[in-house]
Each structure stands twice: as C-alpha cells, then as structure tokens.
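Residues per chain, in single letters:
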Amino acid sequence: MPHDAPTLDLLSLLPEEWRALLTPHLDPARTAALAEFVAGEYATQTVFPPVEDLFSAYRLCGPGQTRVLILGQDPYHKAGQAHGLSFSVREGVSVPPSLRNVFKELTEDLGVAKPRSGNLDGWAAQGVLLLNSVLTVRQATPGSHANKGWEEFTDATIRALDALDQRVVFLLWGGYARKKAALVTNPQHVVLEAGHPSPMNPRGFLGSRPFSATNKALADAGLPTIDWERSAG
C-alpha cells in the first residue's frame, strides 16, 4: 500500500466495549483489507453514511444495553439519508418507502400513532441495535460495498450478542437478513423472521407483528419492553 494512500483503523473507531467483544470474532487480515477498501472509497468517491456516522449504531447502543437487533442490508444510497442506523433517516428527511411500511406495521400492530419522524435514535437509546449487514455504500449504487468484508464484521456482532447472558431479540427482515438466523445458537435468545418491508414485498412483512412479539419476548425474560412510539431521541 503506498505511503500516501488513505488509512482507516476501523476497530479504533468502534466504542471500546464493542471493540473488545468483536475482536475475537474477526480475522485481522480481512479487517485490514476492509479498512483499506473503505478508506479508499471515502477518499475517492461519495460514500454514505458520512465517516463520522459510520458506527453510530454501536455508539448509541452499547452491548450491555442491547435487547433487540434489527438487521438491514446496506445503507440508503441517496444524499442526506444514511446516518449509521439501519432503516433510519435524519430528522426532516422524507421517510423512505421501506420505513413507511415499518411504521405502517407499527401502527397496525400496536395501535399507536405513526411516528412523526424517520429518525430512529429513540429506538437505539432504548437498546435497539439498528445494524446494517454492510455499513457503507457508494452514492446511487446499492450493493456497491457488498462482499468487501463488512459481512464478517456484522456477523461478528451477531456472534458477540449471541454469547451474551441477557436475552436479545433478533429481528431479521428479508431473505438476506434471515440467513443470519443460523448465527444465533443460544436458546435464550429469540429470532423473529419476516419478509423485507420494501414496498416490492409488502405481503412478506405487513402483518408479521414484530413489535408486539418483541415486547412479549422481552417481558417473558423479565426485561423492560421497548416504547416503539419513541422513535426520535
């Protein structure tokens, strides 16, 4: 690698607790190759989310807090949308179609009002880890950062959560996310699968009632439930 090539130490950007949990599950050479790729993309392309938001999900939801994982695929690829939380957009940004379906299901499942904002910081603050399988994407090019090493990174996150003593509810929406169910082997955890909330697949997700099922699974383990109405932090 040339001396003037951009560098990015991914593990140093992670909060310390997460770094300690993930490191045993990561291959150092693969992680270094991923870091080199991501650094090069940020240096030469328009990449989302902004680098300062890369690990927002981990910063807002520590491993000891995590009670729920919602796994997305890769970040939104249009300007101003992705900010490091799966399915979430910043305050004031138009709610994307998949998130509209998530909110539609929320209102039908729990009988609550539709959240006024697509910012899901409020879920993260309550212990919902909003993670994408691939954490970066090139502008207007969905899937452009797939198969570069992020999958191993997020698989390591699932394995680390699987090893925790406290119950975690894994919400796996869509074929891609559902493949990750095999990583959850600890019987105290709960895996809830459904179709992706994309409008192209509405029947696979709508009617799945994930929010009430999650809260039941948490309550059954003696854990506090999630106030799903509180989306914006």
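It should be emphasised that the depicted structure is a prediction, and the values quoted were computed from it without experimental measurement. (Residues numbered from 1 in each chain as written. Predicted model: local features only at pLDDT ≥ 70, side-chain atom pairs only at ≥ 80, totals over all residues. Heavy atoms only, no water.)

Student: Explain the packing of aromatic side chains here, please?
Tutor: What describes a pair of aromatic rings is the distance from one ring centre to the other and the angle between the planes of the rings. According to the stated counting rule, one finds 13 aromatic pairs in the structure shown. On the basis of an interplanar angle of 85° and a centroid distance of 6.2 Å, the ring pair of Phe-55 and Trp-150 is categorised as edge-to-face. With a gap of 95 residues between them, Phe-55 in the loop between strand S1 (47–48) and helix H4 (56–60) and Trp-150 in helix H7 (residues 150–162) connect regions that are remote in the sequence. Overall, the relative accessible area of 1% leaves Phe-55 in the buried class. Measuring from ring centre to ring centre gives 4.9 Å for Trp-123 and Trp-228, while their planes differ by 90°; the resulting arrangement is edge-to-face. Of this pair, Trp-123 sits in helix H6 (residues 121–125) while Trp-228 sits in the segment after helix H10 (210–220); the two residues are 105 residues apart in sequence, bridging distant segments of the chain. For Trp-123, a relative accessible area of 1% gives the class buried. (Phe/Tyr/Trp six-rings, centres within 6.5 Å; stacked < 30°, edge-to-face > 60°. Helix = DSSP H or I, 4+ residues; strand = E, 2+ residues; numbered from the N terminus. Buried < 20%, exposed > 50% of the residue type's maximum accessible area, 1.4 Å probe, protein only.)

Student: Quick question: what am I supposed to make of the pattern of salt bridges here?
Tutor: Should their charged atoms come close, side chains of opposite charge can pair. One pass over the full model with this rule turns up 8 salt bridges. A salt bridge links Glu-91 to Arg-116; the shortest N-O distance between them is 2.7 Å. In this pair, Glu-91 is assigned in the loop between strand S2 (68–72) and helix H5 (97–110) and Arg-116 in the loop between H5 and H6, connecting sequence segments 25 residues apart. The exposure class assigned to Glu-91 is partly exposed, which follows from its relative accessible area of 42%. With relative accessibility at 71%, the residue Arg-116 sits in the exposed group. Between Glu-105 and Arg-209 there is a salt bridge, with its nearest N and O atoms 2.8 Å apart. Of this pair, Glu-105 sits in helix H5 while Arg-209 sits in the loop between helix H9 (202–205) and H10, and the two are 104 residues apart along the sequence. The buried category is assigned to Glu-105, whose relative accessible area is 0%. (Salt bridge = Lys/Arg side-chain N within 4 Å of Asp/Glu carboxyl O.)

Student: What's the story with H7 in this structure? I'm lost.
Tutor: Within an α-helix, residues lying three or four positions from one another point in the same direction, as the helix has 3.6 residues per turn. A rise of 1.5 Å per residue sets the reference length of H7, with its 13 residues, at 18 Å; its end C-alpha atoms lie 18 Å apart and thus fit the reference within 8%. In terms of burial, H7 is largely enclosed, as 11 of its 13 residues are buried. Among all positions of H7, only Trp-150, Glu-151, Phe-153, Thr-154, Asp-155, Ala-156, Thr-157, Ile-158, Ala-160, Leu-161 and Asp-162 are buried. (Expected span 1.5 Å × (residues − 1).)

Student: Sorry, what's going on with the pairing of strand S3 (residues 128–132) here?
Tutor: The side chains of a regular strand alternate, first on one face of the sheet and then on the other. In terms of burial, S3 is largely enclosed, as 5 of its 5 residues are buried. Burial of S3 is two-sided: the residues Val-128, Leu-130 and Asn-132 facing one way and the residues Leu-129 and Leu-131 facing the other way are all buried. With 5 bridges connecting them, S2 and S3 associate as parallel partners. When the bridges of S3 are listed, Gly-72 appears paired with Asn-132. (Pairing = 2+ DSSP bridges.)

Student: Which parts of the structure should I look at to understand the pairing of strand S5 (residues 169–173)?
Tutor: Within S5, 5 of the 5 residues are buried, which leaves the element mostly enclosed by the surrounding structure. Taking every second residue as pointing to the same face, both faces of S5 are buried, with Val-169, Leu-171 and Trp-173 on one and Phe-170 and Leu-172 on the other. Both S5 and strand S6 (residues 190–194) contribute to a ladder of 5 bridges, which runs parallel. Bridge assignment links Trp-173 to a residue of S6, and that residue is Ala-194.

Student: Please clarify how the packing of H5 against H10 should be interpreted in this entry.
Tutor: Packed helices, taken two at a time, are described by their axes: the angle between them and the distance between them. Between H5 and H10, whose axes approach to 7 Å, the crossing angle comes to 60°. With respect to each other, H5 and H10 are oriented oblique. Contacts from Val-102, Glu-105, Leu-106, Asp-109 and Leu-110 in H5 reach Pro-210, Phe-211 and Ser-212 in H10. For the contact of H5 with H10, a count of residues per class yields 5 nonpolar, 1 polar and 2 charged. (Axes fitted to C-alpha atoms, helices over the stretch in contact; angles between N-to-C directions. Parallel < 35°, antiparallel > 145°, perpendicular 65-115°, else oblique. Contact = heavy atoms within 4.5 Å. Nonpolar A, V, L, I, M, F, W, Y, C, P; charged D, E, K, R; others polar.)

Student: Hey, could you run me through the UniProt feature "active site" (unreviewed entry) in the chain in this one?
Tutor: The sites that UniProt annotates as "active site" (unreviewed entry) are Asp-74. Mapped onto the fold, Asp-74 is located in the loop between S2 and H5. Using a relative accessible area of 21% as the deciding quantity, one classes Asp-74 as partly exposed. The residues touching Asp-74, leaving out its near neighbours within four places in the chain, are Asn-132, Val-134, Val-137, Pro-142, Gly-143 and Ser-144. A polar atom in the side chain of Asp-74 sits 2.7 Å from the backbone nitrogen of Gly-143. (UniProt positions renumbered as here; feature names shortened; annotations may be inferred. Polar contact = N/O pair within 3.5 Å; in protein donor to acceptor, adjacent residues only side chain to side chain.)

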